[in-house]
Amino acid sequence: MSLFHSLGGQPLTVRGSGTTLGSGSFTAATFSQAVYYVTDLGGSSASTAAIIKVLVSGTVVWQVEQSASGIFHINFDTPLKGTKGQEITATIDGSGTSIINMSGFRTLNLA
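What counts, and where the lines are drawn
- Residues numbered from 1 in each chain as written.
- Predicted model: local features only at pLDDT ≥ 70, side-chain atom pairs only at ≥ 80, totals over all residues.
- Heavy atoms only, no water.
- Core = buried A, V, L, I, M, F, W, Y, C linked by side-chain atoms within 4.5 Å.
- Buried < 20%, exposed > 50% of the residue type's maximum accessible area, 1.4 Å probe, protein only.
- Helix = DSSP H or I, 4+ residues; strand = E, 2+ residues; numbered from the N terminus.
- Phe/Tyr/Trp six-rings, centres within 6.5 Å; stacked < 30°, edge-to-face > 60°.
- Polar contact = N/O pair within 3.5 Å; in protein donor to acceptor, adjacent residues only side chain to side chain.
- Pairing = 2+ DSSP bridges.

**Points about the nonpolar core**
Membership of the largest hydrophobic core comes to 18 residues, with the highest contact counts inside it found for Val38, Leu41, Ile52, Phe72 and Ile88. Going through the elements one at a time, β3 (34-45), β4 (50-56), β6 (70-81), β7 (88-93) and β8 (98-108) are the ones with two or more residues in this core.

Rendered as C-alpha coordinates:
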(Lines give C-alpha, C1' and ligand atoms only; values in the text may rest on other atoms or scores of the structure.)
Protein backbone atom coordinates (compact mmCIF):
# COMPACT_ATOMS: atom_id res chain seq x y z
CA MET A 1 0.00 0.00 0.00
CA SER A 2 1.35 3.42 -0.93
CA LEU A 3 1.88 6.22 1.58
CA PHE A 4 -0.82 8.17 -0.28
CA HIS A 5 -3.39 5.41 0.30
CA SER A 6 -2.32 4.63 3.86
CA LEU A 7 -2.74 8.31 4.82
CA GLY A 8 -6.07 8.66 3.01
CA GLY A 9 -4.78 11.55 0.93
CA GLN A 10 -6.41 13.65 -1.76
CA PRO A 11 -4.29 13.90 -4.96
CA LEU A 12 -3.19 17.35 -6.15
CA THR A 13 -1.27 18.80 -9.10
CA VAL A 14 -0.20 22.34 -9.91
CA ARG A 15 1.67 23.97 -12.80
CA GLY A 16 3.73 27.14 -12.96
CA SER A 17 5.64 28.85 -15.75
CA GLY A 18 7.55 32.01 -16.49
CA THR A 19 10.34 33.52 -18.57
CA THR A 20 12.91 33.44 -15.75
CA LEU A 21 11.00 31.92 -12.82
CA GLY A 22 8.34 29.22 -12.88
CA SER A 23 6.43 28.70 -9.64
CA GLY A 24 3.49 26.59 -8.48
CA SER A 25 2.01 26.22 -4.98
CA PHE A 26 -0.19 23.94 -2.94
CA THR A 27 -1.78 26.47 -0.64
CA ALA A 28 -3.07 25.66 2.80
CA ALA A 29 -5.01 28.89 3.33
CA THR A 30 -8.38 27.14 3.09
CA PHE A 31 -7.25 24.03 4.96
CA SER A 32 -5.47 25.05 8.16
CA GLN A 33 -5.39 21.38 9.20
CA ALA A 34 -3.92 20.13 5.89
CA VAL A 35 -0.49 18.55 5.51
CA TYR A 36 0.84 18.62 1.93
CA TYR A 37 3.18 16.01 0.42
CA VAL A 38 5.18 16.31 -2.84
CA THR A 39 5.64 13.06 -4.78
CA ASP A 40 6.88 14.31 -8.19
CA LEU A 41 8.29 17.33 -9.96
CA GLY A 42 8.49 17.66 -13.72
CA GLY A 43 8.88 20.33 -16.32
CA SER A 44 11.42 21.95 -18.55
CA SER A 45 13.85 24.84 -18.73
CA ALA A 46 15.76 26.58 -21.49
CA SER A 47 18.55 27.28 -18.98
CA THR A 48 21.59 25.03 -18.54
CA ALA A 49 21.86 25.92 -14.85
CA ALA A 50 18.28 26.20 -13.61
CA ILE A 51 17.74 25.81 -9.86
CA ILE A 52 14.74 23.68 -8.84
CA LYS A 53 13.49 24.23 -5.28
CA VAL A 54 10.73 23.03 -2.98
CA LEU A 55 9.84 25.47 -0.23
CA VAL A 56 7.59 25.17 2.83
CA SER A 57 6.33 28.60 3.88
CA GLY A 58 9.24 30.22 2.04
CA THR A 59 11.95 27.99 3.56
CA VAL A 60 13.89 25.79 1.12
CA VAL A 61 13.51 22.12 2.10
CA TRP A 62 14.93 20.59 -1.11
CA GLN A 63 17.00 21.96 -4.00
CA VAL A 64 18.90 20.73 -7.07
CA GLU A 65 20.58 22.30 -10.10
CA GLN A 66 19.45 21.09 -13.52
CA SER A 67 22.74 20.69 -15.38
CA ALA A 68 21.31 20.77 -18.91
CA SER A 69 18.42 22.49 -20.63
CA GLY A 70 15.42 20.36 -21.50
CA ILE A 71 12.80 18.21 -19.81
CA PHE A 72 13.17 16.79 -16.30
CA HIS A 73 11.26 14.47 -13.97
CA ILE A 74 12.03 13.93 -10.30
CA ASN A 75 10.24 11.27 -8.26
CA PHE A 76 10.45 11.24 -4.48
CA ASP A 77 10.18 7.61 -3.29
CA THR A 78 9.57 9.07 0.15
CA PRO A 79 7.38 12.14 -0.46
CA LEU A 80 8.54 15.52 0.81
CA LYS A 81 6.28 16.38 3.74
CA GLY A 82 5.10 19.88 4.47
CA THR A 83 4.09 21.41 7.78
CA LYS A 84 0.49 21.40 8.98
CA GLY A 85 -1.37 24.43 7.61
CA GLN A 86 1.61 25.69 5.59
CA GLU A 87 1.96 26.26 1.84
CA ILE A 88 4.34 24.15 -0.29
CA THR A 89 5.81 25.82 -3.38
CA ALA A 90 7.95 24.42 -6.20
CA THR A 91 10.04 26.83 -8.25
CA ILE A 92 12.43 26.63 -11.17
CA ASP A 93 14.73 29.60 -11.65
CA GLY A 94 16.67 29.85 -14.90
CA SER A 95 17.65 32.29 -17.59
CA GLY A 96 14.99 31.23 -20.10
CA THR A 97 11.45 29.94 -20.32
CA SER A 98 10.75 27.55 -17.45
CA ILE A 99 7.85 25.25 -16.61
CA ILE A 100 7.36 23.30 -13.40
CA ASN A 101 4.71 20.77 -12.48
CA MET A 102 4.30 19.53 -8.93
CA SER A 103 2.26 16.48 -7.96
CA GLY A 104 1.41 15.21 -4.53
CA PHE A 105 -1.42 14.88 -2.09
CA ARG A 106 -2.82 16.39 1.07
CA THR A 107 -4.15 14.89 4.23
CA LEU A 108 -6.20 16.52 6.96
CA ASN A 109 -4.43 16.27 10.30
CA LEU A 110 -7.08 16.91 12.91
CA ALA A 111 -4.91 15.88 15.86
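**Things to note about the packing of aromatic side chains**
Each aromatic ring pair is specified by the distance between its two centres and by the angle formed by the two planes. For the structure shown, the criterion picks out two aromatic pairs. Centre to centre, the rings of Trp62 and Phe76 are 5.0 Å apart; their planes meet at 90 degrees, and the pair counts as edge-to-face. With Trp62 in strand β5 (residues 59-66) and Phe76 in strand β6, the pair connects residues that are 14 residues apart, well separated along the chain. Trp62 sits in the partly exposed class, given a relative accessible area of 21%.

**Brief notes about the environment of Lys84**
Within the secondary structure, Lys84 sits in the loop between β6 and β7. Among the residues examined, Lys84 registers a relative accessible area of 33% and is labelled partly exposed. For Lys84 and Gln33, which are 51 residues apart along the polypeptide, the C-alpha to C-alpha distance reads 5.9 Å. Here Gln33 takes part through its side chain, which lies 3.0 Å from a polar atom of the side chain of Lys84.

**Notes on the environment of Ser67**
Relative to the elements of secondary structure, Ser67 occurs in the loop between β5 and β6. Residues Ser67 and Thr48, spaced 19 residues apart in sequence, show a C-alpha to C-alpha distance of 5.5 Å.

**Focus on the side chain of Thr89**
Position of Thr89 among the secondary structure elements: in strand β7. For Thr89, a relative accessible area of 12% translates into the label buried. In terms of polar contacts, Thr89 uses its side chain to reach the side chain of Glu87, at 3.4 Å.

**Thoughts on the pairing of β4**
For β4, a buried count of five out of seven residues is recorded, marking the element as mostly surrounded by other parts of the structure. Alignment of β4 against β5, held across seven bridges, turns out to be antiparallel. Counted as the bridge partner of Lys53 is Gln63 from β5. For β4 and β7, the ladder comprises six bridges, and the chain directions are antiparallel. Bridged to Val56 within β7 is Ile88.

**Observations regarding unusual backbone geometry**
The phi dihedral of Ser57 is positive, around 50 degrees, even though this residue is not glycine. Mapped onto the elements, Ser57 comes out in the loop between β4 and β5. Taking the relative accessible area as the measure of exposure, Ser57 reaches 40% and is therefore partly exposed.

**Quick look at the side chain of Ser98**
Inspection of the secondary structure assignment puts Ser98 in strand β8. With relative accessibility at 0%, the residue Ser98 sits in the buried group. A distance of 3.4 Å separates a polar atom in the side chain of Ser98 from a polar atom in the side chain of Ser45.

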